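Take a look at the letters that make up each chain.
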Amino acid sequence: MIFVNLPVADRDRADAFYGALGFRRNDQFSDDRTVSYQIEENIAVMLLIRDRFADFVAGEVGDPAQATSVLTCLSADSREEVDRLVSTAIAAGGKPWLPAQDHGAMYGASFADPDGNVWEVMWMDPAVIAG
């Protein structure tokens with residue numbers, strides 16, 4: 001499994017945002033300082049308030065609203081799914097990040113969550129991948 005651990009300023013705001021994206025909340029790994037969402041069968045995002053995130057790192061906790069240090073990319077099954085997830089994220093309080101990129105056989109768009117953590121969503125033509 002892959003656990004993407006992200007610092008957040010407000011656990012409840014992060015909970016509402018990631019729930020609005022349609023991911024499944026995992027209460028087994030959630031408490032008053034952390035909330036976990038299952039993105040795919042083997043991918044989970046752990047949203048930890050900054051002081052809880054600090055328990056797992058040496059040094060300072062970076063502020064994703066000030067500088068991008070991680071770029072997480074999810075694959076999508078279609079261009080429409082890319083646009084739907086990005087639109088849903090923005091409607092739920094996220095912000096657009098970079099403009100959509102259309103390379104024919106590859107299409108992607110991106111958003112930042114309310115804390116500034118960046119997510120890309122990418123579709124690749126299956127015929128090209130199988131190539």
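My aim in this report is to walk through the structure given alongside it, one point at a time. (Residues numbered from 1 in each chain as written. Predicted model: local features only at pLDDT ≥ 70, side-chain atom pairs only at ≥ 80, totals over all residues. Heavy atoms only, no water.)

**With respect to the overall build of the protein**
Line of reasoning, step 1. Looking only at helices and strands, the protein features 4 helices and 9 strands.
Line of reasoning, step 2. Its C-alpha atoms give the protein a radius of gyration of 15 Å, within 12% of the compact-globule value 14 Å for 131 residues.
Line of reasoning, step 3. If one aligns the C-alpha atoms of the protein with their principal axes, the spans along those axes are about 45 × 30 × 30 Å.
Line of reasoning, step 4. Counting across all 131 residues of the protein, residues that qualify as buried make up 40%.
Line of reasoning, step 5. Sequence-distant contacts in the protein: of pairs separated by 6 or more residues, those separated by 24 or more amount to 51%.
Line of reasoning, step 6. For the protein, the computed accessible surface area is about 7,400 Å², with 53% contributed by carbon and sulfur atoms. (Helix = DSSP H or I, 4+ residues; strand = E, 2+ residues; numbered from the N terminus. Rg over C-alpha atoms; globule rule 2.2 N^0.38 Å. Buried < 20%, exposed > 50% of the residue type's maximum accessible area, 1.4 Å probe, protein only. Contact = heavy atoms within 4.5 Å. Areas by Shrake-Rupley, 256 points an atom, 1.4 Å probe, with all protein chains shown as cover.)

**Digging into the pattern of salt bridges**
Line of reasoning, step 1. In the structure shown here, the tally under the stated rule is 9 salt bridges.
Line of reasoning, step 2. Between Arg79 and Asp102 there is a salt bridge; the shortest N-O distance is 3.0 Å. Taken together, the positions of Arg79 in helix α3 (residues 79–91) and Asp102 in strand β7 (residues 101–102) put the pair 23 residues apart, joining distant regions of the chain.
Line of reasoning, step 3. What makes Arg79 partly exposed here is its relative accessible area of 25%. (Salt bridge = Lys/Arg side-chain N within 4 Å of Asp/Glu carboxyl O.)

**Quick look at the environment of Ile43**
Line of reasoning, step 1. Tracing the backbone through its elements, the reader meets Ile43 in strand β4 (residues 43–49).
Line of reasoning, step 2. On the basis of relative accessible area, Ile43 is assigned to the partly exposed category, the value being 24%.
Line of reasoning, step 3. Residues Ile43 and Met1, 42 residues apart in the sequence, show an inter-C-alpha distance of 5.8 Å.
Line of reasoning, step 4. Setting aside residues up to four positions removed in sequence, Ile43 forms contacts with Ile2, Tyr37 and Gln38.

**Section: the side chain of Thr34**
Line of reasoning, step 1. Within the fold, Thr34 resides in strand β3 (residues 34–40).
Line of reasoning, step 2. In this structure Thr34 touches Arg11, Phe29, Met46, Leu47, Leu48 and Arg52, once residues within four positions along its chain are discounted.

By themselves, these observations are geometric and do not establish any function.
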